[in-house]
Amino acid sequence: MTHEYTAPHGLNDPAVQGAEVAEPGAVTIVVPTYNESANIRRLLRQITESVPARLPCEVVFVDDSTDDTPRVIHEAAADCPFAVTVLHREEPVGGLGGAVVEGMRAAASDWIVVMDGDCQHPPSLVPELVATGERANAGLVVASRYIKGGSRAGLAGSYRVAVSRGATWLTKCLFPRRLRGISDPMSGFFAIRRSHIEAEVLKPLGYKILLELAVRSRPRRVTEVPFVFLDRFAGESKSSAQEGLRFLRHLVGLRTAAPIARMVAFGLIGASGFLPNLLGLWALTGAGMHYVPAEILANQFGVAWNFVLIEHLLFRDRRRHRHGWDRAGRFALLANTDLVLRIPLIALFVHRFGMGALDATALALVTTFVLRFVGTEALVYLPRRGRGRSTAARRAV
């Protein structure tokens, strides 16, 4: 459930009703927050001082906090000359990225500026982001720490610097075409035209929403402005090992969005299953079990391994369509059917088509692999017939 509060000042006042938010150049500042109550007053004061009166402005906080952040925002908004809205989410679906997408949906302006709530992103840069986008006729303007004039000074410690640089290098290697012209895809500070956002294709996970936007619905023209990443004013960083794992899962999900890439990843995961299979076979035969039942049981270790990786890396966004036990049962059935089909296929290729045993085995492996991939997508992770329609209807209601 989402609770919404709007400050009774600024663009909601009758005195300024003529300055509609949706005028060209108007800006909605979206700020995702999680327990940032100590930073709110300073942030709103900086926005008030930085955004000129001629630039129609609203601020939308999307809050996942467990502290009094919503109350502090509501109190601080009383002193602001612009509209301030708080959307408090009871369930933080999609993490910080999901919060940003919800804020974008609520935005009423031509331009949306996304920034953090910890005062590490300088609000004084907001007018420049919008002005640069207007001058360049750009759809996306990224505030970058890695171009001339920018700095990552606010990153605390060499460890965080190394992690940030490593993540930047990894993402640019994985998406060289989509991230061309973006030196800082890990930036959480950017401006984007509302008309260039394809919200329906976004599947945010964690806090790297710029990467999600650039890869799934990249605007046609991108430009950058330098910025200095400041020290956190109060509170603690939300970066953690768990967020790092979510980021890696997000990367895999983005990279495997295309069917061919997904099939390649499916094959790599399947190949990795040989390790638990062989270890299980070694342990079972070492315990005195006959190799035939041992191989059948050991194969289940590989199946379980593959299922866990596929669930969390490849089809994470499709798990909601079926119950976990249903998905696991169907996947195990397909995986073991693959094993049963392989021997008859090899015999068919050898005796019917006159192939050599080695060529027949290789062709059988490829054939059953393709069938298993298609079967996994169609029978395990696609929505059941009629389910998508009923879900959409319930959401519409």
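The structure reproduced in this document is the subject of the present report. (Residues numbered from 1 in each chain as written. Predicted model: local features only at pLDDT ≥ 70, side-chain atom pairs only at ≥ 80, totals over all residues. Heavy atoms only, no water.)

Another point: the overall build of the protein chain. Helix and strand counts for the protein chain come out as 13 helices and eight strands. In the protein chain, the share of contacts with a sequence separation of at least 24, taken over all contacts with a separation of at least 6, comes to 77%. (Helix = DSSP H or I, 4+ residues; strand = E, 2+ residues; numbered from the N terminus. Contact = heavy atoms within 4.5 Å.)

Residues of strand β5 (residues 111–114) alternate between two faces, with Trp111 and Val113 on one and Ile112 and Val114 on the opposite face, all of them buried. Alignment of strand β2 (residues 27–33) against β5, held across four bridges, turns out to be parallel. Bridged to Thr28 within β5 is Ile112. Note: β5 against strand β7 (residues 190–193), four bridges, orientation antiparallel. Bridging from a neighbouring strand, Val113 pairs with Ala191 of β7. (Buried < 20%, exposed > 50% of the residue type's maximum accessible area, 1.4 Å probe, protein only. Pairing = 2+ DSSP bridges.)

Look at helix α1 (residues 37–50): 21 Å from first C-alpha to last across 14 residues, which is about the 20 Å you get at 1.5 Å a residue. Taken as a whole, α1 has its buried residues at Ser37, Asn39, Ile40, Leu43, Leu44, Gln46 and Ile47. Projected down its long axis, α1 shows its buried positions confined to an angular sector of 160°, all on one face. Set apart from the buried face of α1 by more than 90 degrees, the exposed residues are Ala38 and Glu49. Packing partners of the buried residues in α1 comprise β2, β3 (57–63), α2 (69–76) and β4 (83–89). (Expected span 1.5 Å × (residues − 1). Arc of directions from axis to C-beta.)

Here we come to the side chain of Glu377. You can see Glu377 is positioned in helix α12 (residues 357–381). Judged by its relative accessible area of 15%, Glu377 is buried. Excluding residues within four positions of it along the chain, Glu377 makes contact with Arg262, Phe315, Arg318 and Leu382.

According to the stated counting rule, one finds ten salt bridges in the structure shown. A salt bridge links Arg145 to Asp184, with the nearest nitrogen and oxygen atoms 2.8 Å apart. On the criterion of sequence distance, the pair formed by Arg145 in the loop between β6 (140–144) and α5 (157–174) and Asp184 in the loop between α5 and β7 is long-range, its members being 39 residues apart. Overall, the relative accessible area of 0% leaves Asp184 in the buried class. Arg327 is the salt-bridge partner of Glu311, the closest N and O atoms lying 2.7 Å from each other. Residue Glu311 is found in helix α10 (residues 291–314), and its partner Arg327 is found in helix α11 (residues 324–351); the two are separated by 16 residues along the sequence. Residue Glu311 is classed as buried on the basis of its relative accessible area, which comes to 5%. The class of Arg327 is buried, set by a relative accessible area of 8%. One salt-bridge network, held together by shared partners, links Arg41, Asp68, Arg71 and Glu75. (Salt bridge = Lys/Arg side-chain N within 4 Å of Asp/Glu carboxyl O.)

Turning next to a nonpolar patch on the surface. Taken together, Ile260, Val264 and Leu268 make up a surface patch of nonpolar side chains, about 330 Å² in accessible area. Within the secondary structure, Val264 sits in helix α8 (residues 259–272). (Patch = residues over 30% accessible without salt bridge, like charges linked within 9 Å, V, L, I, M, F, W, Y side chains within 5 Å. Areas by Shrake-Rupley, 256 points an atom, 1.4 Å probe, with all protein chains shown as cover.)

Turning next to the packing of α8 against helix α9 (residues 274–286). Close contact between α8 and α9 brings their axes to 4 Å; oriented N to C, the two are set at 15°. Here α9 runs roughly parallel to α8, going by the angle between their axes. Between α8 and α9, the contacting residues are Gly270, Ala271 and Ser272 on the first element and Phe274, Leu275 and Pro276 on the second. Within the contact of α8 with α9, the residues separate by chemical class into four nonpolar, two polar and no charged. (Axes fitted to C-alpha atoms, helices over the stretch in contact; angles between N-to-C directions. Parallel < 35°, antiparallel > 145°, perpendicular 65-115°, else oblique. Nonpolar A, V, L, I, M, F, W, Y, C, P; charged D, E, K, R; others polar.)

Attention now moves to the side chain of His196. Within the element layout of this structure, His196 appears in the loop between β7 and α6 (209–217). A residue is classified by how much of its surface remains accessible, and His196, at 18% relative accessible area, is buried. Here His196 is in contact with Gly139, Ser217, Pro219 and Arg220, once residues within four sequence places are set aside.

Structural measurements only, silent on function.
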